[in-house]
Amino acid sequence: MEIKEDGVCYHETKFIDEHGLIRSTKVPVVQQLALSGLKDLPNRFISVSQDHPVVSSSILDASRAFPTVDVAQLGRTQELVKLASVAQEWGLFLVINHGIEDSVLHGVEDVVRGFFGLSLEEKKSSVGTYMDVDNLGYGQNFVRSEEEPLGWIDRLAMKAAPSEASEGLLVWPRNPANFRQVMEQYAEEARKVCNHLLEALAESLSLEKHVFLENFDSENSEIKVRVNYYPPCPRPDLALGQHPHSDASALTLLMQFGATGGLQVLKDAKWFTVPWPENTLLVSVGDLMEIMSNGRVKSPWHRVATLADVERFSVALFYNPPSQAEIEPVEGEGPSDESYKKVVVGEYVRNSYKYSLPVDKQPMMNFAKN
């Protein structure tokens with residue numbers, strides 16, 4: 001639902017407060033704020049999370065820090081060693097030769113740009129906004145209180161799998177008309193890549209090849225889609241596109257276009273800007289993979305910086321076992337004395353959404369560790 005007051009357009013969103021009551025709040029439409037040419041940042045977008053200095057990616061040896069994993073070569077020991085190394089050191093890695101045709105990726109970019117190129121009225125008539133655990137539809141999701149700072153972001157969110165997940169909901173844009181077709185095709189191609197990486201990660205960690213993939217199935221495993229739009233920000237020193245978090249997924253597959261330099265990862269108590277070129281896919285380890293691997297790989301704590309003069313888009317696909325599936329850590333000692341518990345996927349995901357601006361991986365600490 002759209003509200004307009006004093007020339008400012010708002011999304012109306014709902015959240016559950018600390019007493020378990022459903023409340024509603026108004027959230028400014030960030031794209032409209034950016035188009036208005038404002039010079040100052042509205043107070044609600046000023047971030048309080050300025051606790052670590054940013055280290056420029058130019059300082060990093062990008063070829064060492066983020067080696068590109070050649071998916072087509074993952075049958076070879078050398079590439080598996082590289083995969084294990086970067087997954088354990090950073091929790092994310094670039095991939096090439098993944099098998100997804102350029103035409104599919106360009107199609108995703110075209111429909112995403114097509115949607116965000118519509119007027120606000122056209123967007124609102126094309127897709128709805130819903131409140132549930134996944135905050136589907138169009139708007140700004142994961143608003144958990146009226147006090148927390150907001151991200152400088154507008155979003156689209158939907159489930160591409162299972163196929164019946166969106167029945168009865170207006171969460172797929174009807175304009176562009178081929179939006180759903182294009183995104184579902186991309187999701188199915190991405191599923192093949194993720195399945196291959198699940199097997200390769202297991203092998204790279206000296207585990208049985210199918211130990212992770214056996215938690216997934218073609219009919220009920222979930223692929224959640226989040227399209228993130230970050231317009232130019234008048235004060236990138238004060239705002240974040242997304243606040244620090246880890247992903248409640250097994251694997252997250254990301255593409256970006258429009259600009260680079262937004263994604264940052266925390267390592268050794270410093271924020272590093274990820275050297276992630278346009279037109280290259282990036283894979284991030286999620287919380288569920290950390291649990292399944294018994295901590296052999298860990299989900300990275302990351303955030304998104306804002307940019308002053310350019311707009312940036314990213315499309316994230318979150319690949320999860322079925323919501324009702326129970327996953328457990330693999331046998332054997334992990335890299336530390338910490339041990340992980342069995343969790344039901346859907347319960348873990350719902351629990352992770354309850355935290356308002358966590359300062360560390362609280363969902364993991366409180367729900368999945370002994």
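Residues numbered from 1 in each chain as written. Predicted model: local features only at pLDDT ≥ 70, side-chain atom pairs only at ≥ 80, totals over all residues. Heavy atoms only, no water.

(A) Molecular detail of the packing of helix H4 (residues 102-116) against helix H6 (residues 179-204). Here H4 crosses H6 at 140°, and the two axes come no closer than 9 Å. Considering the relative orientation of H4 and H6, their crossing is left-handed. Here Val-104, Leu-105, Gly-107, Val-108, Val-111, Val-112 and Phe-115 of H4 come into contact with H6, specifically with Phe-179, Val-182, Met-183, Gln-185 and Tyr-186. Looking at the contact of H4 with H6 residue by residue, the classes come out as 10 nonpolar, two polar and no charged. (Axes fitted to C-alpha atoms, helices over the stretch in contact; angles between N-to-C directions. Helix = DSSP H or I, 4+ residues; strand = E, 2+ residues; numbered from the N terminus. Left-handed = near helix turned anticlockwise from the far one by under 90°. Contact = heavy atoms within 4.5 Å. Nonpolar A, V, L, I, M, F, W, Y, C, P; charged D, E, K, R; others polar.)

(B) Region of interest: the nonpolar core. Grouped together as the largest cluster of nonpolar side chains are 96 residues, with contacts concentrated most on Val-112, Phe-179, Met-183, Tyr-186, Phe-212 and Val-315. Apart from the residues within four sequence positions on either side, Met-183 is in contact with Val-108, Val-112, Trp-172, Val-225, Val-227 and Val-315. One finds Leu-33, Phe-45, Cys-233 and Ala-239 within the second-largest nonpolar core, a separate group that totals 10 residues. (Core = buried A, V, L, I, M, F, W, Y, C linked by side-chain atoms within 4.5 Å. Buried < 20%, exposed > 50% of the residue type's maximum accessible area, 1.4 Å probe, protein only.)

(C) Geometry of the side chain of Thr-306. Structurally, Thr-306 can be placed in the loop between strand E15 (302-305) and strand E16 (312-320). Of the polar contacts made by the side chain of Thr-306, one reaches the backbone oxygen of Pro-236; its length is 3.4 Å. A polar atom in the side chain of Thr-306 sits 3.2 Å from the backbone oxygen of Ala-239. The contact partners of Thr-306, leaving out residues within four places of it in the chain, are Trp-152, Cys-233, Pro-236, Ala-239, Leu-240 and Gly-241. (Polar contact = N/O pair within 3.5 Å; in protein donor to acceptor, adjacent residues only side chain to side chain.)

(D) View of the pairing of E16. For E16, the tally of buried residues reaches nine of nine residues, placing the bulk of the element in the interior. In E16, alternate side chains face the same way, and those of Arg-312, Ser-314, Ala-316, Phe-318 and Asn-320 on one face and Phe-313, Val-315, Leu-317 and Tyr-319 on the other are all buried. Looking at chain direction, strand E9 (residues 222-230) and E16 are connected through nine bridges and run antiparallel. From the neighbouring strand, Lys-224 faces E16, where its bridge partner is Phe-318. Sheet analysis places strand E11 (residues 251-257) next to E16, joined by seven bridges and oriented antiparallel. Bridged to Leu-253 within E16 is Leu-317. (Pairing = 2+ DSSP bridges.)

(E) Quick peek at the packing of aromatic side chains. This structure, assessed with the given rule, holds 11 aromatic pairs. Arranged with centres 5.5 Å apart and planes meeting at 75°, the rings of Phe-115 and Tyr-138 form a pair that is edge-to-face. On the criterion of sequence distance, the pair formed by Phe-115 in helix H4 and Tyr-138 in strand E7 (residues 137-139) is long-range, its members being 23 residues apart. Like Phe-115, the residue Tyr-138 is buried in the burial classification. Taking NZ or CZ as reference, Lys-26 lies 5.1 Å from the ring centre of Tyr-10, over its face. (Phe/Tyr/Trp six-rings, centres within 6.5 Å; stacked < 30°, edge-to-face > 60°. Lys NZ or Arg CZ within 6 Å of the ring centre and 35° of its normal.)

(F) Structural detail: a negative patch on the surface. Taken together, Glu-164, Glu-167, Asp-217 and Glu-219 make up a surface patch of like negative charges. If you trace the backbone, Glu-219 turns up in the loop between H6 and E9. By relative accessible area, Glu-219 is classed as exposed at 60%. (Patch = residues over 30% accessible without salt bridge, like charges linked within 9 Å, V, L, I, M, F, W, Y side chains within 5 Å. Areas by Shrake-Rupley, 256 points an atom, 1.4 Å probe, with all protein chains shown as cover. Salt bridge = Lys/Arg side-chain N within 4 Å of Asp/Glu carboxyl O. Lys, Arg positive; Asp, Glu negative; His and termini not counted. Charge placed at Lys NZ, Arg CZ, Asp CG, Glu CD.)

(G) Inspection of the environment of Arg-174 at higher detail. Locating Arg-174 in the fold gives a position in the loop between strand E8 (154-161) and H6. C-alpha of Arg-174 to C-alpha of Phe-115: the two residues are 59 residues apart in sequence and 9.2 Å apart in space. A polar contact is formed between the side chain of Arg-174 and the backbone oxygen of Ser-125, at a distance of 2.6 Å.

(H) Here's a closer look at the pattern of salt bridges. Per the counting criterion, the structure on display carries 13 salt bridges. We note a salt bridge from Glu-188 to Arg-191, for which the minimum N-O separation is 3.1 Å. Residue Glu-188 and its partner Arg-191 are both found in helix H6; the two are separated by three residues, about one turn of the helix. Residue class for Glu-188 comes out partly exposed when judged on its relative accessible area of 35%. Residue Arg-191 is classed as buried on the basis of its relative accessible area of 8%. What emerges from the salt-bridge pattern is a single network uniting Glu-89, Lys-267 and Asp-268.

(I) Inspection of the packing of helix H3 (residues 77-89) against H6 at higher detail. Viewed as axis vectors pointing N to C, H3 and H6 meet at an angle of 90°, and their least axial separation amounts to 9 Å. With respect to H6, the axis of H3 lies roughly perpendicular. Contacts between H3 and H6 involve Leu-80, Leu-83, Ala-84 and Ala-87 from the former and Ala-200, Leu-201, Glu-203 and Ser-204 from the latter. The residue makeup of the contact of H3 with H6, split by class, is six nonpolar, one polar and one charged. (Parallel < 35°, antiparallel > 145°, perpendicular 65-115°, else oblique.)

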